Amino acid sequence: MSKKFPDYIPPTKIAYVSGRPAALHLRKCKLVLEREDGQTSEYIFDQNNIAIGAMEDNDLVIEDETASRYHCRIFQDENSYLVQDLGSTNGTFVNRVRIKEAYLKPGCTVTVGKTDIKFQSLDERVEILPSNREAFGSIVGKSLRMREIFGILEKIGPTGVTVVIEGETGTGKEVVARTIHECSKRAKGPFVVFDCGAVPENLIESELFGHEKGSFTGAIMARQGLFEMAQGGTIFLDELGELNLDLQPKLLRALEQREIRRVGSNKPIKVDVRVIAATNRNLEEEVRAGRFREDLFYRLSVVRLVLPPMRERREDLPLLVKHFLRNGSFNREGTGRVRIKGISRDALDCLMSYRWQGNVRELVNVIERACSFAETEYIQPEDLPEHISGIGLMPRRVAAAAPTEEQALETGEQTSSGALDLAGFQPPVTSMPVPAMAIPTNLPRTFKEAKEEWVGAFERDYILNLLKKNDLNISHAAKEAEIDRKYFRKLMKKYGVDVQGAKDEEDEEA
């Protein structure tokens, strides 16, 4: 449709300035019903398709015996509104002229039966400012990119506009879709998820639109599709770019007509759903390559959100870790109490320096793994995968005092006085002989107690041997062990290693 049309109406879309979202154009229309008795009623719609008729499942119900059950519909084109008669008995009129389909000019009158409907277009321009929030629903972030997305969601959430969410795998597209649903007027309705890449191509149509009994081999009974199941709610089409070209026209019809046909049936079924789609592909490139229909792309892309990858929002990582520790079911004991209370500063530094190719999804998996490995209340570097922590050998655990606020990131739960800060200990590869250790015959009752006793004996002997090798110089011994001098002193104190004559370079300089 040419934009030279005299009554061009800007579509709902986000305006970008220098690559940043600046304003949101919300396209709406107002319909004013003028009844025979002189009473009027106003209705404002922000959806693409408005069904008008006498049946209660229409968007605008006409209480007029001369109106057909499904009389006509008003729908949005790329840059204008049109009205289309749906085969009504008494016809649809625009300014007293009977039409089959016609453009609507602001101020014109659509007549349905004996009811006149005044049409007005509304173009609301809303400036987008970064939100002050650090969370929106289940989405967490304080970076500028995320706060801009929060600002957009605050505006589009309550509307019924179609949304396409783009971003790399694992950036949280389904979480955003679910949050949009939960802050909309459809929150009490169903939220139905369909992964276009997880279902065989020959079954996708049946999954989406349903089928009638006997419509194909194995169809032993009639079955609802997901569009019908999402009635009154939201359907989330994940991995939309995987949808076969042959099925795209049927999805386009469902979006434009707000009706579907089951496989094996010619009877249309009206559906009232909001569509949110997601893809990790660039749909514009897919259109240029001929793998995605241009008309479907424009129908879906009413509002497009691009989620940033984790590497572009590193400042959000501490908030995300705290959120996962506080809310993850993997970090709850049977009583519901949080098991792991926080993360040490060293472990957090490891997470901050990693590239996160798998984005937020990978971070969740890493935190879940760390919670299962951690033996006390704080995640330490050795609880992380080796490719993130950089620790190549099996770490040794040493109990110490609870970390201070500067040393650890807590979940927000109150820290008990008996909390432990686990410090990693990795002996270097060295030619120094390590004394053989006999495994005691009177083992403690549990494996954990046995391991701690064995590790403790090893560490004490290891420290003593290093001190002797380095002429009782603590700094040199710590350097050879590749651990901090202060931590070396802490280990000496823990194991009661008080060697007469042991010295430290810092003590000598003082």
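What comes next concerns the included structure. (Residues numbered from 1 in each chain as written. Predicted model: local features only at pLDDT ≥ 70, side-chain atom pairs only at ≥ 80, totals over all residues. Heavy atoms only, no water.)

Some thoughts on helix H9 (residues 345-352)
Buried residues of H9: Ala347, Leu348, Cys350 and Leu351, and no others. With its buried residues spanning 155 degrees around the axis, H9 presents them on a single face. (Buried < 20%, exposed > 50% of the residue type's maximum accessible area, 1.4 Å probe, protein only. Helix = DSSP H or I, 4+ residues; strand = E, 2+ residues; numbered from the N terminus. Arc of directions from axis to C-beta.)

As for the packing of helix H8 (residues 317-327) against H9
Look at H8 against H9: their axes get within 10 Å of each other, and the N-to-C directions meet at 120 degrees. What the angle tells us is that H8 and H9 run oblique. Between H8 and H9 the crossing geometry is right-handed. Mapping the contact onto sequence places Leu317, Pro318 and Val321 in H8 and Leu348, Leu351 and Met352 in H9. Of the residues that constitute the contact of H8 with H9, the class distribution is six nonpolar, no polar and no charged. (Axes fitted to C-alpha atoms, helices over the stretch in contact; angles between N-to-C directions. Parallel < 35°, antiparallel > 145°, perpendicular 65-115°, else oblique. Left-handed = near helix turned anticlockwise from the far one by under 90°. Contact = heavy atoms within 4.5 Å. Nonpolar A, V, L, I, M, F, W, Y, C, P; charged D, E, K, R; others polar.)

Considering the packing of aromatic side chains
What the rule picks out here adds up to six aromatic pairs. Geometrically, the ring pair formed by Phe191 and Phe236 is stacked, given 6.2 Å between the ring centres and 15 degrees between the ring planes. Of the two residues, Phe191 is situated in strand S16 (residues 191-195) and Phe236 in strand S17 (residues 234-238); the sequence distance between them amounts to 45 residues. Between Phe209 and Phe227, the ring centres sit 5.6 Å apart and the planes meet at 25 degrees, which makes this aromatic pair stacked. In this pair, Phe209 sits in helix H3 (residues 201-209) while Phe227 sits in helix H4 (residues 226-229), placing the two residues 18 residues apart along the sequence. For the pair formed by Phe209 and Phe227, the shared burial category is buried. A cation over a ring is seen here: Arg73 above Phe75, with NZ or CZ 3.9 Å from the ring centre. (Phe/Tyr/Trp six-rings, centres within 6.5 Å; stacked < 30°, edge-to-face > 60°. Lys NZ or Arg CZ within 6 Å of the ring centre and 35° of its normal.)

Considering the side chain of Glu259
Take Glu259: it is sitting in strand S18 (residues 259-261). For Glu259, a relative accessible area of 11% puts it in the buried group. Among the polar contacts listed, one links the side chain of Glu259 to the side chain of Arg253, at a separation of 2.7 Å. The residues contacting Glu259, other than those within four sequence positions of it, are Arg253, Ala254, Pro268, Ile269, Lys270 and Val271. (Polar contact = N/O pair within 3.5 Å; in protein donor to acceptor, adjacent residues only side chain to side chain.)

Considerations on the sheet that holds strand S4 (residues 49-53)
Hydrogen bonds between backbone atoms are what pair the strands of a sheet, whose relative direction is either parallel or antiparallel. Within the open sheet, the five strands sit side by side as S5-S4-S6-S7-S10. Their pairing is mixed. Every interior strand has two partners, whereas the edge strands, strand S5 (60-61) and strand S10 (101-103), have only one. Pairing between strand S7 (residues 81-85) and S10: three bridges, direction antiparallel. The residue bridging Val83 from the neighbouring strand is Ala102, located in S10. (Pairing = 2+ DSSP bridges.)

Observations concerning the pattern of salt bridges
Here the structure, examined in full by the defined rule, presents 23 salt bridges. For Glu228, the salt bridge is made with Arg262, and the minimal N-O distance between the two is 2.9 Å. Of this pair, Glu228 sits in helix H4 while Arg262 sits in the loop between S18 and strand S19 (268-270), and the two are 34 residues apart along the sequence. Here Glu228 matches Arg262 in class, with each residue buried. In this structure, Glu480 engages Lys469 in a salt bridge whose closest nitrogen and oxygen atoms are separated by 2.6 Å. Residue Glu480 is located in helix H13 (residues 474-481), and its partner Lys469 is located in helix H12 (residues 447-469); the two are separated by eleven residues in the primary sequence. Of the residues examined, Glu480 reaches a relative accessible area of 23% and is grouped as partly exposed. Using a relative accessible area of 41% as the deciding quantity, one classes Lys469 as partly exposed. One salt-bridge network, in which partners are shared between bridges, spans Glu242, Arg281, Glu286 and Arg291. (Salt bridge = Lys/Arg side-chain N within 4 Å of Asp/Glu carboxyl O.)

Some points on the sheet that holds S17
Here we have five strands laid out as an open sheet, ordered S16-S17-S20-S15-S21, and parallel in their pairing. At either margin of the open sheet sits one strand with a lone partner, and together these are S16 and strand S21 (303-306). Ignoring which end each strand starts from, the neighbouring axes of this sheet average 20 degrees apart. Note that strand S15 (residues 163-166) and strand S20 (residues 274-279) share four bridges and pair parallel. Opposite Val163, over in S20, you have Ile276 as the bridge partner.

Side note on the packing of H13 against helix H14 (residues 485-494)
In the contact formed by H13 and H14, the axes pass within 9 Å of each other and the chain directions differ by 105 degrees. Considering their axes alone, H13 and H14 lie roughly perpendicular with respect to each other. The segment H13 lies against H14, with Ile474, Ser475, Ala477 and Ala478 engaging Arg485, Phe488, Arg489 and Met492.

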